[in-house]
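Okay, here's what each chain looks like letter by letter:
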Amino acid sequence: MADGTSETKSSNQMWGGRFASGPDAIMEEINASIGFDKKLYAQDIRGSKAHAEMLAHQGIISADDKDKIVHGLDTILSEIESGAFEFSRKLEDIHMNVEARLATLIGPAAGRLHTARSRNDQVALDFRLWVKEELQKTEKALTGLIAAFLDRAEEHAETVMPGFTHLQTAQPVTFGHHCMAYVEMFGRDRQRVRHAIEHLDESPIGAAALAGTGYPIDRHMTAKTLGFREPTRNSIDTVSDRDFALEFLSIAAIAATHLSRLAEEIVIWSTPQFGFIRLSDAFSTGSSIMPQKKNPDAAELVRAKTGRINGSLIALLTVMKGLPLAYSKDMQEDKEQVFDAAESLELAIAAMTGMVRDMAIRTDRMKAAAGSGYSTATDLADWLVREAGLPFRDAHHVTGRVVALAESKGCDLAELPLAELQTIHAAINDDVYTVLTVEASVASRKSYGGTAPSEVRKQIAWWRQRN
Ligand code: ARG
């Protein structure tokens, strides 16, 4: 094997038979996106129709060709929707699948559709249209979830439960107040969705491959036809960036994180040990071996979907992070992440809305738990400040001793006899018992945004006007 030729030959003998056609097959497999981007068929056809109308309006193609193109595209749309369309991997992606079929249907006029555009601005358009519609769906879904919480909050404006920090009993709160905390979170998620719709509301079509085009196109016309506020301003940026997809994914990740925290609470609350809620049969499952069990599977899966959605965000950030301008094929990897995250988020919001609407609130259990763990100790300290004039730090110390006394006797604060309280601080009188109940505790917290039923009702009214 001293001579190079024989070396090449023997190498070829090793893998040549397989690779004579092999590389093409592998190339086709890694290159094709039709398996997933066929999801963009409606957006692709809408975009092509708008583009053809504009080309004819500007005299770039004839009205006759435009009519053929539009009619052919409509036919393709119904073929796809009826399931009659045959997608081909050889044709790579949705754009070329549609265009090839158009050529079969209408002949040479089909070849004029791709004038003054490229697949680079075409895919940017299709994907933006898809993400915009998905954001609009997400906005609606969040509105439904917020409505479910507002109803539960109203119903339980007076229901007391323990409020937690460190998952240790902290102070009594109302269940209505707790529900309204989620309304605030999902309300902010919805604001983020609305902002994202504003950010992406620019039409990419006409950016062409990256530099724009010499044809006298009217990008304002296509923007208007497609329902965008205006055309994008820089053709290089238009085909390069996918920040609208990243924004969708980051919003989805934050919303999923909120959903996951709620899911975690539902899992905890529905345990026999907590027993704060009872999940409906519709949103739980049984065990195949333990007949007594009712498992919060839906909540657990919502909690887990967050992992997928966060993963999609990191995946696309990583795809995009080192790409030089303008388009690179790497960007084809944007779609599956967004499709998967969108599906997971839609499902998670829907499941959560159902669970929130259906779960039974065990007010007796919540109330009993609210009163245990010396949850009104802060109220006692506040009483000492207000009625006995103690500085808060001293009141805190006195209260600590009262708690220790109750603990040693194994009773609640309200069960301690007055005489014993007075041995700890002489200024304590009978009036103190009025602040030691959980109802008195929550009713007293009337500060703006506080847990008092009157305050919670104000916040519900505020949200009702905005939902
Ligand atoms: N399927 C491609 C994608 O999703 C379409 C754009 C292809 N453009 C190109 N220059 N090869 O990104």
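Keep in mind the model is a prediction, meaning the values are calculated, not measured.

## Comments concerning the overall build of the protein
Thought 1: On a plain count of helices and strands, the protein comes out with 19 helices and six strands.
Thought 2: By the compact-globule yardstick of 23 Å for 467 residues, the protein is too spread out, its C-alpha radius of gyration being 32 Å.
Thought 3: A principal-axis box enclosing the C-alpha atoms of the protein has dimensions of 100 × 65 × 45 Å.
Thought 4: Taking as baseline every contact in the protein between residues at least 6 positions apart, the subset at least 24 positions apart corresponds to 75%.
Thought 5: Here the protein has roughly 22,700 Å² of accessible surface; of this, 54% comes from carbon and sulfur atoms.
Thought 6: Charged side chains in the protein number 52 positive and 64 negative. The centres of these two groups are separated by 1 Å.

## With respect to the packing of helix α11 (residues 243-269) against helix α12 (residues 297-320)
Thought 1: Their axes nearest at 8 Å, the elements α11 and α12 cross at an angle of 160°. It follows from the interaxial angle that α11 and α12 lie roughly antiparallel. Crossing angle aside, the handedness with which α11 passes α12 is left-handed.
Thought 2: Split into classes, the residues belonging to the contact of α11 with α12 amount to 17 nonpolar, six polar and three charged.

## Here's the deal with α12
Thought 1: In this model, α12 (24 residues) spans 35 Å end to end at C-alpha, consistent with the 34 Å of a helix rising 1.5 Å per residue.
Thought 2: Among all positions of α12, only Ala298, Ala299, Val302, Thr306, Ile309, Ser312, Leu313, Leu316 and Met320 are buried.
Thought 3: Against α10 (235-240), α11 and α13 (334-358) lie the buried residues of α12.

## With respect to the site of the ligand
Thought 1: Taken together, Ser33, Asp37, Asp93, His95, Arg119, Asn120, Val123, Tyr327, Gln332 and Lys335 make up the full set of residues near the ligand.
Thought 2: Here a nitrogen atom of the ligand and a side-chain polar atom of Gln332 are 2.8 Å apart.
Thought 3: Starting from 340 Å² of accessible surface for the ligand in isolation, the protein chains cover 86%.
Thought 4: Per element, the largest residue contribution to the shell around the ligand is three residues, and it comes from helix α7 (residues 119-155).
Thought 5: Its residues placed into classes, the shell around the ligand shows two nonpolar, four polar and four charged.

## Notes on the confidence of the model for the protein
Thought 1: Of the residues in the protein, 95% reach a pLDDT of 70 or more, and the chain-wide mean stands at 93.
Thought 2: A low-confidence stretch, residues 1-16 stays under pLDDT 50, and its non-local contacts, those more than four residues away or across chains, total five contacts.

## Description of a nonpolar patch on the surface
Thought 1: A surface patch of nonpolar side chains, about 290 Å² in accessible area, is lined by Leu210, Ile236 and Leu325.
Thought 2: Tracing the chain through its elements places Leu325 in the loop between α12 and α13.
Thought 3: With a relative accessible area of 68%, Leu325 lands in the exposed category.

## Topic: the pattern of salt bridges
Thought 1: Enumeration over the complete set of coordinates arrives at 36 salt bridges.
Thought 2: Here Arg464 makes a salt bridge to Asp151, at a shortest N to O gap of 2.9 Å. A residue pair is termed long-range when its members are at least 10 positions apart, and Arg464 in helix α19 (residues 453-464) and Asp151 in helix α7 qualify at 313 residues.
Thought 3: Classification of Arg464 by relative accessible area gives partly exposed; the value is 35%.

## Observations regarding the environment of Ala100
Thought 1: Relative to the assigned elements, Ala100 resides in helix α6 (residues 94-106).
Thought 2: With a relative accessible area of 27%, Ala100 lands in the partly exposed category.
Thought 3: A sequence separation of 10 residues divides Ala100 from Ala110, and the C-alpha atoms of the two residues are 8.2 Å apart.

## Describing the packing of aromatic side chains
Thought 1: Inspection of every chain in the model, using the stated rule, returns 11 aromatic pairs.
Thought 2: Ring geometry for Phe85 versus Phe87: centroids 4.8 Å apart, planes at 55°, classification tilted.
Thought 3: On the accessibility criterion, Phe85 (10% relative accessible area) is buried.
Thought 4: Residue class for Phe87 comes out partly exposed when judged on its relative accessible area of 31%.
Thought 5: For the ring pair Phe127 and Phe339, a centre distance of 6.2 Å and an interplane angle of 90° mean the geometry is edge-to-face. You can see Phe127 sitting in helix α7 and its partner Phe339 sitting in helix α13, a full 212 residues away along the chain. Of the two residues, Phe127 and Phe339, neither departs from the other in class, the shared state being buried.
Thought 6: An aromatic cluster of three or more residues is present, and its members are Phe127, Trp130, Phe244 and Phe339.
Thought 7: The ring of Phe127 has Lys335 lying over it, and the distance from NZ or CZ to the ring centre is 5.7 Å.
Thought 8: Note that Arg466 overlies the ring of Trp462, its terminal NZ or CZ placed 3.7 Å from the centroid.

## A closer look at the pairing of strand β1 (residues 160-165)
Both faces of the sheet carry side chains from a regular strand, because those side chains alternate between them.
Thought 1: In terms of strand pairing, β1 meets strand β2 (residues 168-174) through six bridges, oriented antiparallel. Pairing of Thr165 across the sheet is with Gln168, part of β2.
Thought 2: In textbook terms, the turn of a hairpin is the stretch between consecutive antiparallel strands, and for β1 and β2 this stretch comprises two residues, one of which, His166, has a positive phi near 60°.

## A word on the packing of α12 against α13
Thought 1: Taken N-terminus to C-terminus, the directions of α12 and α13 make an angle of 155°; their axes are 9 Å apart at the nearest point. Accordingly, the angle class assigned to the pair α12 and α13 is roughly antiparallel. Judged by the sense of rotation from one axis to the other, the crossing of α12 with α13 is left-handed. On α13, the residues touching Ala298, Ala299, Val302, Lys305, Arg308, Ile309, Ser312, Ala315 and Leu316 of α12 are Asp334, Gln337, Val338, Asp340, Ala341, Ser344, Leu345, Leu347, Ala348, Ala351, Met352 and Met355.
Thought 2: Here the contact of α12 with α13 is composed, by residue class, of 14 nonpolar, three polar and four charged.

Criteria and thresholds
Chains are numbered independently. Their residues run from 1 in the order of the written sequence. pLDDT decides what is reported in this predicted model: residues at 70 or higher carry local features, side-chain atom pairs at 80 or more are listed and counted, and totals for whole chains, interfaces and linings draw on all residues regardless. The side-chain quantities take in all heavy atoms of the structure and omit both hydrogens and water. For helices the rule is a DSSP run of H or I covering at least 4 residues; for strands it is a run of E covering at least 2, with both sets numbered from the N terminus onward. We take the radius of gyration over the C-alpha atoms and set the globule estimate at 2.2 Å times the residue count to the 0.38 power. Contacts are residue-level and defined by heavy atoms, with any inter-residue pair within 4.5 Å sufficient. We get accessible surface area from the Shrake-Rupley algorithm with a probe of 1.4 Å; when it comes to residues, only the shown protein chains can shield them. A positive count includes Lys and Arg, and a negative count includes Asp and Glu. His and the chain ends are not counted in either. Charged groups are reduced to one reference atom each: NZ for lysine, CZ for arginine, CG for aspartic acid, CD for glutamic acid. Every angle, taken between N-to-C directions, lies between 0 and 180 degrees, and every axis is a line fitted to C-alpha atoms, over only the stretch in contact when it is a helix. Geometric relationships in this document are graded by angle, where less than 35 degrees denotes roughly parallel, more than 145 denotes roughly antiparallel, 65 to 115 denotes roughly perpendicular, and other angles denote oblique. Each crossing is labelled by how the near helix is turned from the far one, with a counterclockwise turn of less than a right angle marking it left-handed and a clockwise turn marking it right-handed. Charged means Asp, Glu, Lys or Arg here, nonpolar means Ala, Val, Leu, Ile, Met, Phe, Trp, Tyr, Cys or Pro, and polar covers whatever is left, Gly included. In this analysis, the expected span of each helix is defined as 1.5 Å times one less than the number of residues it contains. Type-normalised accessible area, obtained with a 1.4 Å probe on protein chains alone, sets the label of each residue: buried when under 20%, exposed when over 50%, and partly exposed for intermediate values. If a single non-hydrogen atom of a residue is within 4 Å of a molecule or strand, that residue counts as near it. Two N or O atoms count as a polar contact when they lie within 3.5 Å, although within protein this holds only if one can serve as hydrogen donor and the other as acceptor, and sequence-adjacent residues are included solely when both atoms are side-chain atoms. Scored from 0 to 100, pLDDT records how confident the predictor is in each individual residue. Grouping into patches uses exposed residues only, defined as over 30% relative accessible area, and leaves out salt-bridged ones; the cut-off is 9 Å for like charges and 5 Å for nonpolar side chains (Val, Leu, Ile, Met, Phe, Trp, Tyr). By definition here, a salt bridge exists when the distance from a side-chain nitrogen of Lys or Arg to a carboxyl oxygen of Asp or Glu is within 4 Å. Aromatic contacts are taken between Phe, Tyr and Trp rings whose centres are within 6.5 Å, Trp giving its six-membered ring; a plane angle under 30 degrees counts as stacked, one over 60 as edge-to-face, and the others as tilted. Our definition puts a charge over a ring when NZ of Lys or CZ of Arg is within 6 Å of the ring centre and also within 35 degrees of the ring normal. Only when DSSP finds a minimum of two bridges between them are two strands counted as paired.

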